[in-house]
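Close look at the chain arrangement
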Amino acid sequence: MTILLKMLLSMSIASVILIPLVWFLKKVFGQFLTKRKSYYVWSVVFFFLIVPFAFFFVQKNTEFLWGAPSEFAGLTSMVIGQNGIEVERSTQAVIFQFILDYVWVLWLIVGLIMLVYRMASYRNFKKYVISGARFIEEPDELDILAEAMETIRLDKPVEVMVNPLISSPVFLGFRREIIVLPSTSFSQKELYHIFLHELVHCKSKDMYVVFLAQIFTCIYWFNPLMYWMNKQLERDREYACDESVLSYLPAQDALSYGDTLLHSVVKSGTYKESHAAVSLHENAKMLKERLEAIASYKKGKSGYSAFFLLLILLSSIGILLNFYEAKAFTYEKKQGIEIKKEDTSKKTEFRAIDLQNANQDVTIRKGKTESFDLTTYDENSQAKLVVKNGVLMYQNANPNTQATIDITIDADKVYDSLSIQTTGTQIKISDIQTKTMRIKGGVIIAHFNHIKTDTMNVTTGSANVHVTDSEVHKGMEFNGNNALIHFEKSNFNNLEMTSFISAKLNDLNIRSGLSIHSGGQLDARNITADTLKLVAGKSGNMKFQNTFVKKSSEFQNDGSMLLQFDGVLNGQTRMSIGPSQTKFVIRDKMQKYAIDAQSSQADTFLLNKRVVNYPLTQNLSAPNSIKLTNESPFNNNVNLSFE
């Protein structure tokens, strides 16, 4: 039913222009047309009320008014924003779609009520007229009817009845044609004129036109111009019938035909005919106009040329109207639905930051409100920052795109996570509180300042990495891979460092353990830790100044190295010596210590610059002890000194 209502609506829209246009053009070109042809011009409107031309101009890839209803009806854009995907619809589309989805029920109910009422009205009128009428059987009157039928060459049977209550002579019926007169007191000439008039209606099939007009009025009841057009049809139908009657009469009988119309008014009853009946006259005003037309009637005018030109003109205009109507009420899918990125540069409310597969420099700093911006230097880039389900995300990465990511965060807010994986050259992060932090990329410079996080994992290439004034409550893992490291003024629960060229550690409080693996040059100052585990590379120089290890230390050496402590080395210490010369220098104020050297294959074992033999035990009862073990098959030199 929705599709049917769409078709009717499209045809009704076209009729709003066509009906006044037909009336206007008939006024302009009426002098070149016969009354009958002027009456038939209305057929153009009926034609466009039947055929939905607008559908012929609608492409199969269009939607909204003419397409099948769907969730995409009227959709103009999709906006990707912090709340996911939001759609935008045309207000015009929403209103029309609502009308088409629900108002068709109202249209159908009203149309059916009007149709039933008009059909019942016609049936009751016909029943009343026939039941209260009598057939004419007088030979004289029947001869006049036969003469009139012969004049217009009508060979189908027509009955004549009389009912004095009707307001005008009428013609009824489709299969059974009946002429009903209000009186038999007409003269023979008047009867002849009346019969001619009604028989012309019969021959012209005017009853079918009347019935069709009533059907269209019920279908297009919402169009006020339909009622006005019906009035114009009645007027033009009677003009056309009068013209046809006059064409069968001698010229001198034209005025007497007009007199017949006047006398029929005087001799008529008061019962008004039905909408679907064809009467001799309607009202006084229309009768006056008909009499004027009868008085000015002249034979010989055909009007075929003007008639066909007018039909062609009106048909062309109607087709153009339907064409532009189809364009106005459709959205072409080939134009696509605009997919837009929401302007989120000033949006807030993200709980996590996920910048996976970025190729940009990243800067994160505190500000008054959260915001983010992506500056792209490639006009073809589709990269973008979006907030979805509370997560600030980087999408549509392009390795050839040059851009920078700038994020402003709330320094007082604790974020769920921060994850960055980038091939950019620089990362700067400051004043962020997050539960987890994961950084991965081959950046050149990475700065982390005033960071508070539960866990922190940094994996980077040949980079210069700075961590200052930060707190890692659970643990930090750092894999430098030939990086230059500078950690200072920070607190860690655990700190694990792997693969670096050079590292500077200063003013670090490590509540649990410090683990260094495969490192190069190391300069550690003012370090406090419960445990210390050092796995040195093949060569290196590691210095610890003012380092306090509360519980235990473990040193493993795979090559030649210098390990130097200047400060406090407390608790149990275990040293595993590699195959090359190793020197341990411990500058310590402690007076008590114990040394246990076992299985050493060193050529020379020096203790405080003096050659000693082993197994060696000194001060075993001291609270501080050092255990040195060498299981290497190669000879090496070990120099352990307390200065």
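Please read these numbers as outputs of a predicted model, since none were measured by experiment.

Section: the overall build of the chain
For the chain, the helix and strand inventory stands at 13 helices and 32 strands. Of all 643 residues assigned to the chain, the portion counted as buried reaches 47%. A separation threshold of at least 6 residues defines the contact pool for the chain, and within that pool the share at least 24 residues apart is 53%. Carbon and sulfur atoms make up 54% of the accessible area of the chain, which totals about 31500 Å².

Topic: the nonpolar core
Ile 364, Ile 407, Ile 429, Phe 448, Met 476 and Phe 487 are the most contacted members of the largest nonpolar core, which totals 60 residues. Sort the elements by how many residues they give to this core and strand 21 (residues 471-519) lands first, with 16 residues. Formed by 42 residues, the second largest nonpolar core is a distinct cluster that contains Leu 172, Ile 179, Val 180 and Leu 191.

Thoughts on a nonpolar patch on the surface
Together, Trp 23, Phe 24, Val 28, Phe 29, Phe 32 and Trp 228 make up an exposed nonpolar region whose accessible area comes to about 540 Å². Residue contributions to the nonpolar patch peak at four residues, all from helix 1 (residues 2-29). One can find Val 28 in helix 1. Val 28 sits in the partly exposed class, given a relative accessible area of 36%.

Quick word on the packing of aromatic side chains
Within this structure, the stated rule accounts for 13 aromatic pairs. Pairing Phe 478 with Phe 487 gives two aromatic rings, centres 5.8 Å apart and planes at 85°, and the pair type is edge-to-face. The two residues Phe 478 and Phe 487 agree in class, both being buried. Ring pairs connect the aromatic residues Phe 46, Phe 216, Tyr 220, Trp 221 and Phe 222, which therefore count as one cluster. Across from the ring centre of Tyr 239, 5.2 Å away, lies the NZ or CZ of Lys 35, which sits over that ring.

Here's the deal with the environment of Cys 218
Its location among the elements puts Cys 218 in helix 9 (residues 206-219). Note on Cys 218: relative accessible area 3%, which makes it buried. It is 9.6 Å that separates the C-alpha atoms of Cys 218 and Leu 108, two residues lying 110 residues apart in sequence.

Thoughts on the confidence of the model for the chain
Scored by pLDDT, the chain comes out at a mean of 76, with 69% of its residues at no less than 70. Taken together, the stretch residues 619-623 has pLDDT below 50 and engages in nine contacts with residues farther than four places along the chain or on a different chain. Throughout residues 631-636 the model reports pLDDT below 50, and contacts reaching past four residues in sequence, or to other chains, amount to 19 contacts.

A few points about the pattern of salt bridges
In this structure the tally under the stated criterion is 12 salt bridges. Glu 159 is paired through a salt bridge with Arg 176; the nearest N and O atoms lie 2.5 Å apart. Of this pair, Glu 159 sits in strand 5 (residues 159-162) while Arg 176 is found in the loop between strand 6 (170-172) and strand 7 (178-181), placing the two residues 17 residues apart along the sequence. Take Glu 159: its relative accessible area is 28%, and that puts it in the partly exposed class. Taken together, the salt bridges that share partners define one network made up of Lys 26, Arg 235 and Asp 236.

Calculation rules
Within any chain, residue numbers begin from 1 and follow the written order of that chain's sequence. The predicted nature of this model means local features are confined to residues of pLDDT at least 70 and side-chain atom pairs, given and counted, to a pLDDT of 80 or more, with totals for whole chains, interfaces and linings taken over all residues. Side-chain descriptors were evaluated using all non-hydrogen atoms of the structure, hydrogens and water having been removed beforehand. The helix and strand labels rest on DSSP assignments: H or I over at least four residues marks a helix, E over at least two residues marks a strand, and numbering proceeds from the N terminus. Relative accessibility thresholds used throughout: buried, under 20% of the residue-type maximum; exposed, over 50%; partly exposed, between the two (1.4 Å probe, protein chains only). We call two residues contacting when some pair of their heavy atoms lies within 4.5 Å. Accessibility throughout is a Shrake-Rupley quantity obtained with a 1.4 Å probe, and a residue counts as covered only by protein chains that appear here. To define a nonpolar core, start from buried Ala, Val, Leu, Ile, Met, Phe, Trp, Tyr and Cys residues and group those joined through side-chain atoms within 4.5 Å. Only residues whose relative accessible area exceeds 30% and that form no salt bridge enter a patch; like-charged residues are grouped when within 9 Å of one another, and nonpolar side chains (Val, Leu, Ile, Met, Phe, Trp, Tyr) when within 5 Å. The working definition used for a salt bridge is a side-chain nitrogen of Lys or Arg within 4 Å of a carboxyl oxygen of Asp or Glu. Aromatic contacts are taken between Phe, Tyr and Trp rings whose centres are within 6.5 Å, Trp giving its six-membered ring; a plane angle under 30 degrees counts as stacked, one over 60 as edge-to-face, and the others as tilted. Placement of a charge over a ring requires the Lys NZ or Arg CZ to be within 6 Å of the ring centre, with the centre-to-atom vector within 35 degrees of the ring normal. How sure the predictor is of each residue is captured by pLDDT, a score from 0 to 100.

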